[in-house]
Amino acid sequence: MTSTTSSPHPNHQSSACVIAAPFGCLGITTEMVDGSLMLAHIRYLPASAKHQAPGNALAALVEEQCRAYFADPRAVFDLPLKPQGTAFQQRVWDAVAQLKAGERITYGEIAAHLHSGARAVGGACGVNYFPLVIPCHRVVAKANLGGFMGQDAPGLYRDIKLWLLNHEARA
């Protein structure tokens, strides 16, 4: 079942679905923005989340590309992403998007490249709208795993980061 909501802007429609992932579920939101259907958000959800089938062709394509990644972490995402975030966040996400499966980089290394601070890079990674597509899980702290999705404690997001890194290490 797909939920569709319209916003006050006539060219802005949203559709959400929830698909299974090896570590739980993914919530996928697509939006019609100025006449173009775009991926607006991917959320990591627990396995208990209620599944909802993709309600449009883009959501089905996101599901297909996610499944390809789960089968082979070298799979490439090619999806229209809704422009979001600050200019700095976009610079961080652009840097992270260049990382290949299995590569890891530290927050400090990205910060040095962008002439910024490691915490600012971590903050940008924590609000990433497109996890998996923009693989912030590949960014780690200098001495440990670091946080993930704005969380720096054991739990769902840390477990997902470990799963993703281990999945890519096996490739």
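Going by the structure above, here's the rest.
### A short note on the nonpolar core
In summary, soluble globular proteins display a tendency toward joint burial of nonpolar side chains.
Part 1: Counting residues in hydrophobic clusters, the biggest one holds 38 residues, and the most contacted among them are Leu26, Val96 and Leu132.
Part 2: For this core, the secondary structure elements donating two or more residues are β2 (13-21), β3 (24-33), β4 (36-45), α1 (57-71), α2 (87-97), α3 (107-114), α4 (118-126) and α5 (156-169).
Part 3: The element contributing the most residues to this core is α1, with 6 residues.
Part 4: If near-sequence neighbours (up to four positions away) are discounted, leucine 132 is found in contact with Leu26, Tyr44, Cys66, Tyr69, Phe70, Phe77 and Leu164.

### Details of the packing of α2 against α4
Part 1: Contact geometry of α2 with α4 gives a least axis separation of 9 Å together with a crossing angle of 80°. Overall, the two elements α2 and α4 adopt an arrangement that is roughly perpendicular. Here Phe88, Gln89, Val92, Trp93 and Val96 of α2 lie close against α4, whose contacting residues are Ala120, Val121, Ala124 and Cys125.

### Topic: the pairing of β4
Part 1: Across 9 bridges, the pairing between β3 and β4 is antiparallel. Its bridge partner being in β4, cysteine 25 is matched across the sheet by leucine 45.

### What to know about the state of the cysteines
Part 1: Under the definition given, this model contains 0 disulfides.
Part 2: As a non-bridged cysteine, cysteine 17 has cysteine 66 as the owner of its nearest cysteine sulfur, 9.1 Å distant.
Part 3: The thiol sulfur of cysteine 136 is not disulfide-bonded, and the nearest other cysteine sulfur, from cysteine 125, lies at 3.5 Å.

### Digging into unusual backbone geometry
Part 1: A positive phi is found at aspartate 34, a non-glycine position, where the angle reads about 50°.
Part 2: As for its position among the elements, aspartate 34 is in the loop between β3 and β4.
Part 3: Residue class for aspartate 34 comes out exposed when judged on its relative accessible area of 59%.
Part 4: Although it is not a glycine, leucine 132 sits at a positive phi angle of roughly 80°.
Part 5: Inspection of the secondary structure puts leucine 132 in the loop between α4 and β6 (139-140).

### Regarding the packing of aromatic side chains
Part 1: Summed over the entire model, instances satisfying the criterion amount to 8 aromatic pairs.
Part 2: Their ring planes at 35° and their centres at 6.0 Å tell us that tyrosine 69 and phenylalanine 77 sit as a pair that is tilted.
Part 3: On the numbers, 6.2 Å between centres and 50° between planes, the contact of tyrosine 129 with phenylalanine 130 is tilted.
Part 4: Feature note: the residues Phe23, Tyr44, Tyr69, Phe70, Phe77 and Trp163 constitute an aromatic cluster, connected by ring pairs.

### Structural notes on the pattern of salt bridges
Part 1: Tallied over the entire structure, the rule returns 4 salt bridges.
Part 2: Between lysine 82 and glutamate 31 there is a salt bridge; the shortest N-O distance is 2.7 Å. Within this pair, whereas lysine 82 is found in the loop between α1 and α2, its partner glutamate 31 is found in strand β3, the two being separated by 51 residues in sequence.
Part 3: Glutamate 168 serves as the salt-bridge partner of arginine 138, at 2.8 Å between the closest nitrogen and oxygen. Of the two residues, arginine 138 is situated in the loop between α4 and β6 and glutamate 168 in helix α5; the sequence distance between them amounts to 30 residues.
Part 4: The buried category is assigned to arginine 138, whose relative accessible area is 6%.

Calculation notes
- Residues numbered from 1 in each chain as written.
- Predicted model: local features only at pLDDT ≥ 70, side-chain atom pairs only at ≥ 80, totals over all residues.
- Heavy atoms only, no water.
- Core = buried A, V, L, I, M, F, W, Y, C linked by side-chain atoms within 4.5 Å.
- Buried < 20%, exposed > 50% of the residue type's maximum accessible area, 1.4 Å probe, protein only.
- Helix = DSSP H or I, 4+ residues; strand = E, 2+ residues; numbered from the N terminus.
- Contact = heavy atoms within 4.5 Å.
- Axes fitted to C-alpha atoms, helices over the stretch in contact; angles between N-to-C directions.
- Parallel < 35°, antiparallel > 145°, perpendicular 65-115°, else oblique.
- Pairing = 2+ DSSP bridges.
- Disulfide = S-S within 2.5 Å.
- Phe/Tyr/Trp six-rings, centres within 6.5 Å; stacked < 30°, edge-to-face > 60°.
- Salt bridge = Lys/Arg side-chain N within 4 Å of Asp/Glu carboxyl O.

Any functional reading would require information that these geometric values do not contain.
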